[in-house]
Amino acid sequence: MGGGLAGPPSAVWLAEAGKQVTLLERRGRLGGRTHALEVATLHDIPDNGQHVIASGYVHLFRYLTSVGTRKFVEFPHSGVLRWPGGRATTMGTKGFQALRALLGAHPDAGPVDRTRAALATARLGWQCLHQPGDLADLTTDQWFRRLGMPATARVSLWDWLALGIAAEPVRQESAKVFADVLATGIRLGIKHRRPVSIGYPTTDLDTLFVTGAHQIFEKYGVEVKYRAVARHIDIRDGVVTGVTLADGDTVPADAVVCAVPNSYLGGLLDELPEHDEMYAAPRRRPSRAPDCIGFVTTDRNIVPLSRIARVRLVVPGNIPLVTGSSSVPGA
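Below is a summary of the structure that appears in this document.

What counts, and at which threshold
Residues numbered from 1 in each chain as written. Predicted model: local features only at pLDDT ≥ 70, side-chain atom pairs only at ≥ 80, totals over all residues. Heavy atoms only, no water. 1 Å grid on protein atoms, 1.4 Å probe; cavity = no way out; pocket = protein on both sides within 12 Å on 5 of 7 lines; lining within 4 Å. Points joined across faces, edges and corners; volume = space filled by probe spheres on them. Helix = DSSP H or I, 4+ residues; strand = E, 2+ residues; numbered from the N terminus. Nonpolar A, V, L, I, M, F, W, Y, C, P; charged D, E, K, R; others polar. Axes fitted to C-alpha atoms, helices over the stretch in contact; angles between N-to-C directions. Parallel < 35°, antiparallel > 145°, perpendicular 65-115°, else oblique. Contact = heavy atoms within 4.5 Å. Phe/Tyr/Trp six-rings, centres within 6.5 Å; stacked < 30°, edge-to-face > 60°. Buried < 20%, exposed > 50% of the residue type's maximum accessible area, 1.4 Å probe, protein only. Lys NZ or Arg CZ within 6 Å of the ring centre and 35° of its normal. Salt bridge = Lys/Arg side-chain N within 4 Å of Asp/Glu carboxyl O. Pairing = 2+ DSSP bridges.

**Brief notes about the layout of surface pockets**
Remark: the empty space left among the atoms is shown by a probe the size of a water molecule rolled over them. As a volume, the second largest pocket reaches approximately 530 Å³. Looking at the lining of the second largest pocket, the elements that each hand over two or more residues are helix H1 (7-16), strand S1 (22-25) and strand S12 (250-252). No other element matches the 4 residues that H1 contributes to the lining of the second largest pocket. In terms of residue class, the lining of the second largest pocket is made up of 14 nonpolar, 6 polar and 3 charged.

**Concerning the packing of helix H5 (residues 140-147) against helix H7 (residues 175-192)**
H7 packs onto H5 with a crossing angle of 70° between their chain directions and a minimal axis gap of 7 Å. In terms of their interaxial angle, H5 and H7 are classed as roughly perpendicular. Contact with H5, carried on its side by Thr140, Trp143 and Phe144, involves Ala175, Phe178 and Ala179 of H7 and no other residues of that element. Within the contact of H5 with H7, the residues separate by chemical class into 5 nonpolar, 1 polar and no charged.

**Re the packing of aromatic side chains**
For the coordinates displayed, the defined rule picks out 5 aromatic pairs. Measuring from ring centre to ring centre gives 6.1 Å for phenylalanine 61 and phenylalanine 75, while their planes differ by 50°; the resulting arrangement is tilted. One end of the pair, phenylalanine 61, is in helix H2 (residues 58-66); the other, phenylalanine 75, is in the loop between strand S5 (73-74) and strand S6 (78-82), with 14 residues separating them in the sequence. Look at tryptophan 158 and phenylalanine 178: their rings are 6.5 Å apart centre to centre, the planes differ by 75°, and that puts the pair in the edge-to-face class. With a gap of 20 residues between them, tryptophan 158 in helix H6 (residues 151-166) and phenylalanine 178 in helix H7 connect regions that are remote in the sequence. Take tryptophan 158 and phenylalanine 178: they sit in the same class, and that class is buried. Of the aromatic side chains, those joined through ring pairs into one cluster are Trp143, Phe144, Trp158 and Phe178. Arginine 62 extends its terminal NZ or CZ atom over the ring of tryptophan 13, reaching a point 3.8 Å from the ring centre.

**Examining H2**
Along H2, the residues that are buried comprise Leu60, Phe61, Tyr63, Leu64 and Ser66. Where H2 is buried, its residues contact H1, strand S4 (53-54), S5 and helix H8 (205-220). The positive-phi residue at the C-terminal boundary of H2 is glycine 68, with phi of around 80°.

**Topic: the pattern of salt bridges**
Summed over all chains, the structure comprises 9 salt bridges. Close ionic contact of arginine 146 with aspartate 134 constitutes a salt bridge, the shortest N to O distance being 2.9 Å. Of this pair, arginine 146 sits in helix H5 while aspartate 134 sits in the loop between helix H4 (111-129) and H5, placing them 12 residues apart in sequence. Look at arginine 146 and you get partly exposed, because its relative accessible area is 43%. For aspartate 134, a relative accessible area of 29% puts it in the partly exposed group. Salt bridges linked by common partners bring Asp141, Arg145, Arg154 and Asp159 together as one network.

**Concerning the pairing of strand S7 (residues 88-92)**
Pairing of S6 with S7 involves 5 bridges; the strand directions are antiparallel. Paired with leucine 81 across the two strands is threonine 89, which belongs to S7. Where S6 folds back on S7, the antiparallel hairpin that results is connected by 5 residues, among which glycine 85 adopts a positive phi of roughly 95°.

So, to be careful, I would describe these as geometric facts and stop short of saying anything about function.
Okay, here's the thing in structure tokens:
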């Protein structure tokens, strides 16, 4: 159940394991909120979805390898922050450049700010691994303030990194969501004895995540049912027997994978004795994620704004434009 970025990998791997798989998706397409769309005025394909991919995402890379699109993620190891007035600074994820990025890549960051950034970054790493009890009740903005992170370090790195990871502004997102991701990166870096670096797709997200899945589904005979809204999972004598849809049809099954958001679980598991506890499980995010995070992948200069008549790009005014190497368009 679910055709977002959790459902297709589950279906692909079950099919590869020899299982007979039916995928139920409430929309008319796979990918969930992740999709590419044509915009004629841009002469390009804006994407909605995950664009920042860390080297430690082992399960994501396993999926991309399964569907044949791993080659479309590259790791440039550096990028350029461009500031108003023509100033630019280079930041990286390896060696001295990585250290500089952590201590503040802002062109106005002086020795005091860099020292404060070093201390705050050390506290941030420690609290990611040893989380305070109230972290789930704080926004990322409140957490950064409590850590003493200077404004120059936040503008040049931490605020936009948090926005990219959690898909919410720092004044809204849960500090715990961001801390959990960073903690995973730290642990993976220790486990593999190398720092986690950041990669970017070099193709549109439909090609990266969805197209290969369709090919695997065709190869193994996976049935995809679109506009299939599940009402509840059928359970008799403690055994799953199928899924009842909103139109009254029943899809027989001897196992069900719920690859859907927690907010969609209501009513699906009513036949489980512990369903009340599952439905009441606390949601740690203080606000819902936005429906659209838009990006444009381009290998040329951004077109003049006068040519983007019907496209509005709204970003916080203090976040710099991030550009990547020529080998990774638009990174």
